[in-house]
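# Commentary on secondary and tertiary structure
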Amino acid sequence: MQCPICGSGSFRVLKSRTDESRSRKIKHLVLECEECGTVFRDSIVIEKPRSHRIVVSEHGKSYRDEVELYPGEELSAGDALTVSGKLVEVTSLELKSGKRVDRATADDIETVWAVSLEAPARVGVSVDLHGEVYSRKVEIDRDFIFRVGDVLKIGEHVFRIKSMKTGDRMIRRGSAPAHNIKRIYGVPVNMRFTHDLTDRVV
């Protein structure tokens, strides 16, 4: 808001009245410019948030909820939202046309797709026992870092991480947080292990 006479953005509110509908609030203001003393009227339109459907994935299962977004608010994959008091991360956005995108404004969104950030990560583990594969799933803190070359233990099996599969690539060198890893591939070794995951098996 600016003074219509001198263009200053410095003013004080003399009067304020609010009209409210289902979708918006309108504040009607009487203002006095602090620079030149001109008294003028202006209004502020405050759009109310609207409920949007959100589908949250948690360990292969999904549940529906609602999230409030302001009209015109932009949402992107990777954004964090609070849904019913729980933190989730947006994975994709479904438009009213049915198309899935990584970024959109609330006006165009039909459904928000997300993954829970509250639950621990669930990571598959496959160990090649020379022809037979030992396979388990473990639940672990989402930010736990796995590194290629780490020596782990599950039950009686001690193994070294040979590679790791994320959602879009294979990692044969380096590390990744548990929440990015779909599966760990290992080979048995006779070495001292750094982490025992036995109690994490689900």
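Our subject is the structure listed above.
Our subject in this report is the structure included herewith. (Residues numbered from 1 in each chain as written. Predicted model: local features only at pLDDT ≥ 70, side-chain atom pairs only at ≥ 80, totals over all residues. Heavy atoms only, no water.)

### Points about the sheet that holds strand S3 (residues 39-47)
Note the cut-off: When DSSP locates at least two bridges between a pair of strands, those strands are taken to pair. Counting from the N terminus, the helices are DSSP H or I runs at least four residues long and the strands are E runs at least two residues long. Axis lines are fitted through C-alpha atoms, for helices just across the contact stretch, and the angle between N-to-C directions can take any value from 0 to 180 degrees.
Taken in spatial order, the three strands make up an open sheet running S1-S2-S3, and their pairing is antiparallel. Since the sheet does not close on itself, it has two edges, and those belong to strand S1 (11-20) and S3, each with one partner. Averaged over all neighbouring strand pairs, the angle between strand axes comes to 20°, with direction disregarded. Both strand S2 (residues 24-33) and S3 contribute to a ladder of nine bridges, which runs antiparallel. Within S3, the position partnered with Arg24 by the bridge is Glu47.

### Some remarks on a nonpolar patch on the surface
To keep it simple, the criterion reads: Surface patches are defined over residues having more than 30% relative accessible area and no salt bridge, joining like charges when they lie within 9 Å and nonpolar side chains (Val, Leu, Ile, Met, Phe, Trp, Tyr) when within 5 Å. Areas reported here follow the Shrake-Rupley algorithm with a probe of radius 1.4 Å; residue values treat only the protein chains shown as occluding. Take a side-chain nitrogen of Lys or Arg and a carboxyl oxygen of Asp or Glu: if they are within 4 Å of each other, that pair is a salt bridge.
The grouping of Met1, Ile44 and Ile46 at the surface amounts to a nonpolar patch, some 230 Å² of accessible area in total. Structurally, the position occupied by Ile44 is in strand S3.

### Here we look at the environment of Cys6
Our working rule: When a residue's accessible area, from a 1.4 Å probe over protein chains only, is under 20% of the maximum for its type it is buried; when over 50% it is exposed; and in between it is partly exposed. In this description, contact between two residues means that some pair of their heavy atoms is separated by no more than 4.5 Å.
Along the chain, the position of Cys6 falls in the segment before S1. Exposure remark for Cys6: the relative accessible area of 40% places this residue in the partly exposed category. Expressed as a C-alpha distance, the spacing of Cys6 and Cys36, which sit 30 residues apart in the sequence, is 7.0 Å. Ignoring anything within four residues of it in the chain, the contact list for Cys6 reads Cys33, Glu35 and Cys36.

### A look at the pairing of strand S8 (residues 86-95)
Pairing of strand S7 (residues 80-83) with S8, which is carried by four bridges, proceeds in the antiparallel orientation. Note that in S8 the partner of Thr82 across the bridge is Leu87. Here S7 folds back onto S8 in antiparallel fashion, the turn holding two residues, of which Ser84 has a positive phi close to 50°. Two elements, S8 and strand S11 (residues 109-116), share seven bridges in a ladder whose sense is antiparallel. Bridge pairing in S11 places Leu93 opposite Val112. Bridge count for S8 against strand S9 (residues 100-101) is two bridges, and the pairing is antiparallel.

### Quick notes on the pattern of salt bridges
Scanning all chains against the criterion turns up six salt bridges. Note that Arg103 is salt-bridged to Glu74, the shortest N-O span being 3.9 Å. Of this pair, Arg103 sits in strand S10 (residues 103-105) while Glu74 is found in strand S6 (residues 74-76), placing the two residues 29 residues apart along the sequence. Since its relative accessible area comes to 48%, Glu74 is described here as partly exposed. Among the salt bridges present, the one from Arg122 reaches Glu139, with a minimum N-O distance of 2.6 Å.

### Some details on the state of the cysteines
One way to say it: the disulfide is the covalent bond shared by the sulfur atoms of two cysteines. Our working definition: Any two cysteine sulfur atoms within 2.5 Å of one another count as a disulfide.
For the structure on display, the rule yields zero disulfides. Between Cys3, a free cysteine, and Cys36, which holds the nearest cysteine sulfur, the sulfur-to-sulfur gap is 3.7 Å. The exposure class of Cys3 is buried, given its relative accessible area of 3%. As a non-bridged cysteine, Cys6 has Cys33 as the owner of its nearest cysteine sulfur, 3.6 Å distant.

### What about the side chain of Arg142?
How we decide: The charged-residue count follows a simple rule in which Lys and Arg add positive charge and Asp and Glu add negative charge, with His and chain termini not counted at all.
Its location among the elements puts Arg142 in the loop between strand S13 (132-140) and strand S14 (145-147). Within the buried set, Arg142 has no salt-bridge partner at all; the shortest N-O distance to an opposite charge, 5.1 Å, is to Glu89. Sequence-distant contacts of Arg142, defined by excluding residues within four places in its chain, comprise Ser116, Leu117, Ala119, Pro120, Ala121, Pro177, Ala178 and His179.

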